[in-house]
Amino acid sequence: MKVLKFGGTSVGSVESILSVKKIVEAQTEPVIVVVSALGGITDKLIRTSQLAVEGDAAYQQSFREIAERHEDMINAIIPDGERRETLLVTVRALLEELRSIYHGVFLIRDLSPKTQAAIVSYGERMSSRIVSCLIQGSAWFDSREFIKTHRQNGKNVLATELTNELVRETFMGGLKGASVVGGFISTDKDTGEVTNLGRGGSDYTASIIAAALDADVLEIWTDVDGFMTADPKVIHTAYTIPELTYIEAMELCNFGAKVVYPPTIYPVCVKNIPILIKNTFNPEAPGTIIKSEVKDDVRSIKGISSIKGTSLITVSGLSMVGVIGVNRRIFSCLADNGISVFMVSQASSENSTSIGVRDVEVEEACRVLNEEFEKEIEDGKMFRMQAESGLATVAIVGENMKHTPGIAGKLFGTLGRSGISVIACAQGASETNISFVINQKFLRKALNSIHDSFFLSEYQEVNLFVCGVGTVGGSLLEQIYQQQEKLMRELRVKLNVVGIATGHNATFRREGLELRSFINEQTGKAEFRKRMKEAPASDIHRLRDEVIQMNIFNSVFVDCTASSEVAGLYRDFLDHNINVVAANKIAASSDYTNYRELKQIAQKRGVKFLFETNVGAGLPIIRTINDLVNSGDKILKIEAVLSGTLNFIFNTISKDIPFSETVRMAKDEGYSEPDPRIDLSGKDVIRKLVILTREAGYEIEQKDVEANLFIPQSFFDGSLEDFWANLPSLDAEWERRREELERNHRVWRFVAKYENGRGSVSLQEFDQDHSFYVLEGSNNIVLLTTERYNEYPMLIQGYGAGASVTAAGVFADIMSLA
Ligand code: ADP
Ligand code: ASP
Ligand code: MG
């Protein structure tokens, strides 16, 4: 025979309860069906009693809602007729009793634990009657008759032997068809008063019955496909674990995997009865089987679970060192007061012990411990208890952790990179569980990063905030959209764009924005800029706050703007363990101290600050310099043509295209900075040279670079309009110089150079013998003379500007973080 338990969600709606009927009626052997209260009813019963005891007449409305919920359910699932009438009479009688109890509580303003227990019992008492009536031919049994508890340390605990005997007696006559039982509720073996097995206790009722009757299997039917690698409500990439050992299941349940109530495992484990977790809403799914031995699994950990609302009490003092018996006193004292401890961590110096308890029990725990050690505290041998609340405790679990080195290292490394500090940790010698305590506000991030790092997730996620949707940002988003599926399929990397921002608007979504929604339905073209105008208003402060508050794991802030305000945010982001990928050159070329500090923060936090596209768009220049330097080479000289814009201008200027026209063309083609004067003044090249020089290991500021201008300073002083208006006045002089150049078979290149501590930029002429002579369109070229590449310097050449190659370079930086 089998025991089937259906949780609150399985009997919560008309659709689900009809599914329960189908599942039970399809059974081919006798079954005992244990049911919870209708989903949400236990909470509502408790809330209503709170209203009543506070003297709030709203309890009556709340009670009416409870009554209606049950009557509506009955009317929806039981056909009109005698059976329905009989059921309504039974349920109404129960509701009437419940109403009287609430009324009593309201009048006396007293809600004793006994009364509370009586009140919550009505949930299962009614639901079991309803399910029994729904399942044709089933018999109803009152679990209060055979599930017995007794008082121990101020708590109701199962009277195991008596219960086993009574269960056997009750069902001794031989089972036929389905027998329906309400879960959770029980009675005190001495007083006969109604008690219960604790929240979530229906699972336990089912396990007790299964063990007492030597069932073949205990099936727990719930609202998820099985036991999952983590709570699917927190981690959307969690997936079902096909098999678990009893020990693994117990470890996970103890730390908050709510899918099974922790005491449930023990009774069936002792009898070696397997537990099968199934989904009422998807009965075809295979579910999870929990048994003593499972097939080998390559994964080092099986699952992660966590509990919020936990506190750490630190018992410390000098007298504790080497004293035998302090721990005994701590734990006896807590046990005598019914306080359960779920984690202990003691430093080997023995002068402090940290104890994990629930927030609701911490005050009482401190009180009784202070009392226990009153004398030692008075004598100054020990300190008063210190408590820290609002914490979360996380456990990673798996029997394969045994004898696998490096798990703890990987775990704490992952947390460190996410900027999460571990307040206490514990690993038992059984090596099936490592538990640690962190600040509750980091819980989601911690769970996600651990899930990802132990490859429990199907995909490794990279969460992106993209700032700026101009030519580069827009292209980047388009490229991400086009690559997303392939990266998931081939590399198992999931690029999630969790935020997009412009100067005025921003939109965020933790699960990832649907990039498809930025595509114009008619034309099929991406319209990030246009669609972003419909997004909620934002500014630099909101952007900063939102990105930090989302506190999302493995996240990257991608700056595709040219804004100094945005560059000013990097420090905060890096400080919060958010990687920064910048197409924006401002930060890397700012004051040397700022540049160095940003790099240091990134290093300290274990995140990256990448800006490959600051120089030569997508060309691998910075990466190459880093590789050379890191492998012990020394960069002696940098010579480079780094301005795609200037190169375009000097390659385009001709008899027919005057200088001013080439500048306008560079702007229109999207080569130049939005304000082309940044290119013409050499400022852009200076920034690039500064960045390369710094990456080569030298300290330099922009002002240290000697700038040789090729158009008069006055052109840079006025407004942008004046600049455009005045530019043609230079054309004649440029044409004269160009003719001369042509006559000499030479070309112009705007060259950046660093050698022997000196940086300079200047317009130079080259003849065809020089490697800078052939340089088409907007291409860039970098010549690196190093100790190793000395006689023949290293040459990097190719497209150095343009939205799509720059976006591709940003994309490559992002992918290097996956
Ligand atoms: P029931 O009403 O069936 O007893 P519960 O709400 O008590 O259902 O337990 C099922 C819920 O447990 C799931 O909806 C899920 O959110 C939560 N849960 C937490 N951890 C896990 C996990 N590791 N695997 C599956 N579910 C989990
Ligand atoms: N109805 C009870 C609760 O909500 C017991 C259970 O669902 O297992 O806690
Ligand atoms: Mg449950």
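To keep things clear, this report deals only with the structure shown in the data block. Given the structure is predicted, the values throughout are model-derived calculations rather than measurements.

Conventions adopted
Residues numbered from 1 in each chain as written. Chains lettered and ligands numbered in written order. Predicted model: local features only at pLDDT ≥ 70, side-chain atom pairs only at ≥ 80, totals over all residues. Heavy atoms only, no water. Core = buried A, V, L, I, M, F, W, Y, C linked by side-chain atoms within 4.5 Å. Buried < 20%, exposed > 50% of the residue type's maximum accessible area, 1.4 Å probe, protein only. Helix = DSSP H or I, 4+ residues; strand = E, 2+ residues; numbered from the N terminus. Contact = heavy atoms within 4.5 Å. Near = heavy atom within 4 Å. Polar contact = N/O pair within 3.5 Å; in protein donor to acceptor, adjacent residues only side chain to side chain. Expected span 1.5 Å × (residues − 1). Pairing = 2+ DSSP bridges. Salt bridge = Lys/Arg side-chain N within 4 Å of Asp/Glu carboxyl O. Areas by Shrake-Rupley, 256 points an atom, 1.4 Å probe, with all protein chains shown as cover. Axes fitted to C-alpha atoms, helices over the stretch in contact; angles between N-to-C directions. Parallel < 35°, antiparallel > 145°, perpendicular 65-115°, else oblique. 1 Å grid on protein atoms, 1.4 Å probe; cavity = no way out; pocket = protein on both sides within 12 Å on 5 of 7 lines; lining within 4 Å. Points joined across faces, edges and corners; volume = space filled by probe spheres on them. Nonpolar A, V, L, I, M, F, W, Y, C, P; charged D, E, K, R; others polar.

Quick notes on the nonpolar core
Step number 1: Core analysis: the largest hydrophobic core is formed by 79 residues, its most contacted members being F557, Y570, F609, F659, L680, F710 and W734.
Step number 2: Here this core takes six residues from helix α25 (residues 683-695), the largest share from any one element.
Step number 3: Apart from the residues lying within four places of it in its own chain, the contact partners of F609 are Y570, L574, V580, A587, L598, K599 and A602.
Step number 4: Membership of the second largest hydrophobic core comes to 73 residues, among which are I290, I301, I407 and L411.

Some points on the environment of L464
Step number 1: Positionally, L464 belongs in strand β19 (residues 460-467).
Step number 2: Among the residues examined, L464 registers a relative accessible area of 0% and is labelled buried.
Step number 3: With 34 residues separating them along the chain, L464 and V498 place their C-alpha atoms 5.6 Å apart.
Step number 4: The contact partners of L464, leaving out residues within four places of it in the chain, are I480, N496, V497, V498, G499, V556, V558 and I814.

With respect to the site of ligand 1
Step number 1: Near ligand 1 there are 17 residues, and of these T222, D223, M228, D231 and K233 occur at the shortest range.
Step number 2: Within the side chain of D223, an N or O atom sits 2.8 Å from an oxygen atom of ligand 1.
Step number 3: M228 is positioned with one of its backbone polar atoms (N or O) 2.8 Å from a nitrogen atom of ligand 1.

A closer look at helix α11 (residues 359-372)
Step number 1: When the terminal C-alpha atoms of α11 are compared, their 20 Å separation across 14 residues agrees well with the 20 Å that a helix rising 1.5 Å per residue should span.
Step number 2: Listed as buried for α11 are E361, V362, A365, C366, V368, L369 and N370.
Step number 3: Buried-residue contacts for α11 involve β5 (155-158), β13 (303-316), α10 (326-336), β15 (352-358), α12 (374-378) and β16 (386-397).

Details of the sheet that holds strand β24 (residues 609-610)
Step number 1: Strand order in the open sheet made by the six strands is β21-β20-β19-β22-β23-β24, with mixed pairing throughout. Edge strands, defined here as strands with exactly one partner in the open sheet, are β21 (506-508) and β24.
Step number 2: In terms of strand pairing, strand β23 (residues 579-582) meets β24 through two bridges, oriented parallel. Its bridge partner being in β24, V580 is matched across the sheet by F609.

Notes on the pairing of strand β1 (residues 2-6)
Step number 1: In terms of burial, β1 is largely enclosed, as five of its five residues are buried.
Step number 2: Across the two faces of β1 the burial is the same, with K2, L4 and F6 and V3 and K5 all buried.
Step number 3: In terms of strand pairing, β1 meets strand β9 (residues 217-222) through five bridges, oriented parallel. The residue of β9 that forms the bridge with V3 is L218.
Step number 4: Here β1 runs beside strand β2 (residues 31-35); their pairing, made up of five bridges, is parallel. Residue pairing across strands places F6 opposite V35, the latter belonging to β2.

Side note on the environment of V35
Step number 1: Position of V35 among the secondary structure elements: in strand β2.
Step number 2: Remark: the alpha-carbon pair of V35 and V11, spanning 24 residues in sequence, is separated by 7.7 Å.
Step number 3: Setting aside its immediate chain neighbours within four residues, V35 contacts F6, V11, E124, S127, S128, V131, V181, G182, G183 and S202.

A short note on the pattern of salt bridges
Step number 1: Within this structure, the stated rule accounts for 51 salt bridges.
Step number 2: Measuring nitrogen to oxygen at the nearest pair gives 3.0 Å for the salt bridge that ties E364 to R367. Placement of the pair is E364 and R367 together in helix α11, with a separation of three residues, close to one helical turn.
Step number 3: On the basis of relative accessibility, which here comes to 33%, the residue E364 falls in the partly exposed class.
Step number 4: Residues R544 and D545 are paired through a salt bridge, measuring 2.7 Å at the closest nitrogen-oxygen approach.
Step number 5: Given the relative accessible area of 33%, D545 is considered partly exposed.
Step number 6: Taken together, the shared-partner salt bridges connect E485, K486, R489 and E490 into one network.

A look at the site of ligand 2
Step number 1: Taken together, S36, A37, T42, E124, F184, R199, G200, G201 and S202 make up all the residues around ligand 2.
Step number 2: Here T42 contributes a side-chain N or O atom positioned 2.7 Å from a nitrogen atom of ligand 2.
Step number 3: Separating an oxygen atom of ligand 2 from a backbone N or O atom of G201 is a distance of 3.4 Å.
Step number 4: For ligand 2, whose accessible area on its own is 270 Å², the fraction buried by protein is 86%.

A word on the environment of A725
Step number 1: As for its placement among the helices and strands, A725 is situated in helix α27 (residues 720-726).
Step number 2: Sequence separation of A725 and S660 is 65 residues, and the distance between their C-alpha atoms is 9.7 Å.

Comments concerning the pairing of strand β12 (residues 288-291)
Step number 1: Residues T288 and I290 point to one face of β12 and are all buried, whereas I289 and K291, pointing to the other face, are not buried.
Step number 2: The pairing of strand β10 (residues 243-245) with β12 spans three bridges and is parallel. Note on β12: the bridge partner recorded for E243 is I289.
Step number 3: With three bridges joining them, strand β11 (residues 275-279) and β12 adopt antiparallel strand pairing. Residue pairing in the sheet places I275 in a bridge with I290 of β12.

Comments concerning the packing of helix α3 (residues 58-77) against helix α5 (residues 113-134)
Step number 1: Running from N to C, α3 and α5 point in directions that differ by 5°, and their axes come no closer than 11 Å. In terms of axis orientation, α3 runs roughly parallel to α5. Each of H70, I74 and I77 in α3 lies in contact with α5, whose residues at this interface are M126, I130 and L134.

Details of the layout of surface pockets
Remark: the empty space left among the atoms is shown by a probe the size of a water molecule rolled over them.
Step number 1: Approximately 1,100 Å³ is the volume attributed to the second largest pocket.
Step number 2: For the second largest pocket, the lining is made up of 47 residues, of which V472, C560, T561, A562 and P674 are closest to its centre.
Step number 3: Residue assignment for the lining of the second largest pocket shows that the elements contributing at least two residues are α15 (471-491), α17 (540-550), α18 (564-567), α22 (644-652), α24 (677-680), α25 and α29 (803-815).
Step number 4: Of all the elements, α25 adds the most residues to the lining of the second largest pocket, at three residues.
Step number 5: Broken down by class, the residue content of the lining of the second largest pocket amounts to 17 nonpolar, 19 polar and eleven charged.

Take it as geometry only, folks, not as evidence of what the structure does.
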